[in-house]
Amino acid sequence: MPNRKVHNYIGKMLGLDPRLVNAVNRDMDKPSRYLGPSHRKVMHSDIDAVMLMFKYKNPQAMIASKVHQLTDQLASSDPNLRKILAALEAFL
């Protein structure tokens with residue numbers, strides 16, 4: 001799955017505030033320390049996206065969360081996209 005640098009880069013390319021995107025991505029992937037790959041069962045829902053919007057008092061936080069979720073979902077189902085994101089990760 002894409003690392004935080006890749007998630008941050010995608011958010012930046014979409015014109016989102018880079019500091020906010022980094023904070024949202026950090027919050028979303030924080031459970032990975034304890035849950036490993038199954039951390040996507042937490043902090044990766046629509047309700048979590050709304051919660052992050054209120055936490056940061058910024059609608060861009062919800063957008064950043066949804067972009068993160070979508071990137072993870074697409075990467076998990078498309079091996080070609082995984083290769084592209086891995087190449088991007090190596091580049092960044």
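Going by the structure above, here's the rest.
Residues numbered from 1 in each chain as written. Predicted model: local features only at pLDDT ≥ 70, side-chain atom pairs only at ≥ 80, totals over all residues. Heavy atoms only, no water.

Remarks on unusual backbone geometry
If you check the backbone angles, Lys57 has positive phi at about 50° while not being a glycine. Along the polypeptide, Lys57 turns up in the loop between α4 (46-56) and α5 (59-77). (Helix = DSSP H or I, 4+ residues; strand = E, 2+ residues; numbered from the N terminus.)

Concerning a nonpolar patch on the surface
A cluster of nonpolar residues, Tyr9, Met13, Phe91 and Leu92, forms a patch on the protein surface that exposes about 450 Å² of accessible area. Tracing the sequence through the fold places Met13 in helix α1 (residues 4-13). Relative accessible area serves as the criterion here: at 55%, Met13 is assigned to the exposed category. (Patch = residues over 30% accessible without salt bridge, like charges linked within 9 Å, V, L, I, M, F, W, Y side chains within 5 Å. Areas by Shrake-Rupley, 256 points an atom, 1.4 Å probe, with all protein chains shown as cover. Salt bridge = Lys/Arg side-chain N within 4 Å of Asp/Glu carboxyl O. Buried < 20%, exposed > 50% of the residue type's maximum accessible area, 1.4 Å probe, protein only.)

Let's talk about the side chain of Gln69
One can find Gln69 in helix α5. Note on Gln69: relative accessible area 5%, which makes it buried. If sequence neighbours within four positions are ignored, Gln69 has contacts with Met28, His44, Ser45, Asp46 and Ala49. (Contact = heavy atoms within 4.5 Å.)

Looking at the nonpolar core
Counting residues in hydrophobic clusters, the biggest one holds 9 residues: Leu16, Leu20, Val21, Val24, Met28, Met43, Leu52, Ala61 and Ala64. Elements supplying a minimum of two residues to this core: α2 (18-29) and α5. In terms of residue count, α2 provides more of this core than any other element does, 4 residues in total. Counting residues in each nonpolar core, the second largest holds 6 residues, with Val6, Ile10, Ala75 and Leu85 among its members. (Core = buried A, V, L, I, M, F, W, Y, C linked by side-chain atoms within 4.5 Å.)

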